[in-house]
Amino acid sequence: MNLLMMIFYEGLLIAAAGMTFISGIRGMVIAGGLVSIINFFIHKATDFWKWEGVLFLGFSLGILVLIGLEYKAGKVRAITGLIGGIISLVLFGVFFTPVLALVLWGLIIGMGLKPNQSQSMILWSFAPTLCRAVLGLGWIILGNYFYPY
């Protein structure tokens, strides 16, 4: 494949990761469909079903983990505005260098991340966000793994 197709392909994988990170379960469903469409256009029929099984298993487990973590975070009444601050950090990181993004986020958009409650509330407030980030990176890693070089 040529360079433009490779850049387009990586852009789609980054979009899938971003949808998972920003939209949670709904984004996970859309990203799963997007990566399945990419899988369909890249592989032949026999290889498509092999990779589709792996994608469906990861997709299903990811949604179940997100449902569980968001339920637990809601049950302990953890911070709900935390995801907005972290998304702004990611968006700044796309357009600036990571160090400059951290400095700008801390000065302009940063918010108090430590609640006045117990340590377990801190863990449950960060758990859904970290899970979304890991699942988003999973789309990129898996998509790059089945890319035909």
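Residues numbered from 1 in each chain as written. Predicted model: local features only at pLDDT ≥ 70, side-chain atom pairs only at ≥ 80, totals over all residues. Heavy atoms only, no water.

A. The packing of helix H2 (residues 25-42) against helix H3 (residues 45-75), seen in detail. At a minimum axis separation of 10 Å, H2 and H3 run at an interaxial angle of 175°. Judged by the inter-axis angle, H2 sits roughly antiparallel to H3. Note on element contacts: H3 touches H2 through Phe48, Trp51, Glu52, Leu55, Gly58, Phe59, Gly62, Ile63, Leu66, Ile67 and Glu70, opposite Ile25, Met28, Val29, Gly32, Val35, Ser36, Asn39 and Phe40. Tallied by class, residues from the contact of H2 with H3 come to 12 nonpolar, five polar and two charged. (Axes fitted to C-alpha atoms, helices over the stretch in contact; angles between N-to-C directions. Helix = DSSP H or I, 4+ residues; strand = E, 2+ residues; numbered from the N terminus. Parallel < 35°, antiparallel > 145°, perpendicular 65-115°, else oblique. Contact = heavy atoms within 4.5 Å. Nonpolar A, V, L, I, M, F, W, Y, C, P; charged D, E, K, R; others polar.)

B. How the structure looks around the side chain of asparagine 39. With respect to the secondary-structure elements, asparagine 39 resides in helix H2. Ignoring any residue separated from it by four or fewer positions in sequence, one finds asparagine 39 in contact with Phe48, Trp51, Glu52, Leu55 and Phe146.

C. The packing of helix H1 (residues 3-23) against H2, seen in detail. As a packed pair, H1 and H2 sit with axes 6 Å apart at the nearest point and diverge in direction by 160°. Here H1 lies roughly antiparallel to H2, going by the angle between them. When you trace H1 past H2, the crossing you get is left-handed. From H1, Tyr9, Leu12, Leu13, Ala16, Met19, Thr20 and Ser23 reach across to H2, where they touch Ile25, Arg26, Gly27, Met28, Ile30, Ala31, Leu34, Val35, Ile38 and Ile42. For the contact of H1 with H2, the per-class residue count stands at 13 nonpolar, three polar and one charged. (Left-handed = near helix turned anticlockwise from the far one by under 90°.)

D. Representation of the environment of alanine 17. For alanine 17, the position within the fold is in helix H1. Since its relative accessible area comes to 10%, alanine 17 is described here as buried. (Buried < 20%, exposed > 50% of the residue type's maximum accessible area, 1.4 Å probe, protein only.)

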